[in-house]
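# Report on the structure
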Amino acid sequence: MRASAPRKPSPHPARQVLYGFDRLYRDHVDLIYRYAHRLCGETEAAKDLVQETFLNAYQGLKDFRGESKVSTWLYTIASRACIRMRRKRKGEPEHELSLEEFVPTSEGEFRLQIPMDGLSPEEALQNKELREALDQAIEKLPKKYRMALVLRDMEGLSAKEVGTIMGLNERAVKSRLHRARLFVRRELSARGITQQDNQKSGGSPS
Amino acid sequence: MRKKKTAGKRPTKLSSRHHTHSEGRCVDLLRQLSAYIDDELPSDICREIRRHLGTCPNCEVFIASLQQTVTLCRHRLTPQLTSADRMNMRRMILDAVAAR
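### Considering the overall build of chain B
- Each helix and strand counted, chain B has 4 helices and 0 strands in total.
- Contacts in chain B between residues far apart in sequence, at least 24 positions, make up 64% of those at least 6 positions apart.

Have a look at this one:
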């Protein structure tokens, strides 16, 4: 049997945790900031949420066994932190969205449109009014619906992953997502932004 | 091949015999639109929905606007962190760890 080469002494455990944290932070801070910004809608709150998320991750790092993807684990920590932080800040009761409230009651309501015919989404979002209407619609969504929409339609996760993060089954995720989309669609189309506004109100996104 | 059904009850069949919004045909469709957009419905239900859309301009406009909503959400812009932001936040996190 060959004698094993002398091994380097392993770094101090605290230093190992710091190395692990630094790698985690470097690889995921942009992802979590993007998620946080999409949830909070503004920069300072998003930064607070990123810090809270990574602070919790630092403390949980030694117990993380890799049962889920690292990104799923971080999304879960961020989502829970977001719920805690919003509760602390606002204390507002959450309201439920029922499907019935999205049933159009007139032909006119059925036919409300979003002004992007013939435009790519990037071109349509050059319209400041449309961009602001989208931001406001998402901001107005009750948070449990917003979270489902952000994770599924913006972060591009599967319904199963969203369920893991939010502690829901897939059916509940899809139900929340559907209501969230109907809410945003109604908010956008009810603003009456027209294709003409689209052409007039260009400008680069902020 | 028939697509695998997702969770829950089988989606409601849409009747194309009559077309009156108040009779709820369009409301049935409205309940299933996200599943339709996400391609999660069995193929026979998708065919019925397409048939319904061919006879109902209102539902056609509605589904187009919902699809556009999803597309806009997918392309919504978010600002980027600067290197200074990343560094400052890292320092604040480690300060908070040390303080606990």
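And the narrative resumes.
### What to know about the overall build of chain A
- Helix and strand counts for chain A come out as 10 helices and 0 strands.
- Expressed as a percentage of the 206 residues in chain A, the buried residues total 34%.
- Once local pairs closer than 6 in sequence are excluded, the contacts in chain A between residues at least 24 apart make up 73%.

### Concerning the domain arrangement of chain A
Residues and elements named next belong to chain A.
- Taken as a whole, chain A is organised into domain 1 (14-90) and domain 2 (115-200).
- Centre-to-centre separation of domain 1 and domain 2, based on C-alpha positions: 23 Å.
- Listed by partner, the interface residues are 11 residues for domain 1 and 14 residues for domain 2.
- Every element with two or more residues in the side of domain 1 that touches domain 2 is listed here: helix 1 (13-40) and helix 3 (70-90).

### Brief notes about the interface of chain A and chain B
- Of the residues lining the interface, 44 residues belong to chain A; the matching set on chain B comes to 33 residues.
- Within the residue set of the side of chain A that touches chain B, elements represented by two or more residues are helix 1, helix 2 (43-60), helix 4 (107-110), helix 5 (121-124), helix 7 (143-154) and helix 9 (170-190) of chain A.
- The leading source of residues in the side of chain A that touches chain B is helix 9 of chain A, at 10 residues.
- Of the residues assigned to the side of chain A that touches chain B, the class counts are 24 nonpolar, 7 polar and 13 charged.

Reading guide: rules and limits
- Residues numbered from 1 in each chain as written.
- Chains lettered and ligands numbered in written order.
- Predicted model: local features only at pLDDT ≥ 70, side-chain atom pairs only at ≥ 80, totals over all residues.
- Helix = DSSP H or I, 4+ residues; strand = E, 2+ residues; numbered from the N terminus.
- Contact = placed C-beta atoms within 7 Å.
- Buried ≥ 20, exposed ≤ 12 C-beta atoms within 10 Å, placed from the backbone.
- Domains from an automatic or database assignment.
- Nonpolar A, V, L, I, M, F, W, Y, C, P; charged D, E, K, R; others polar.

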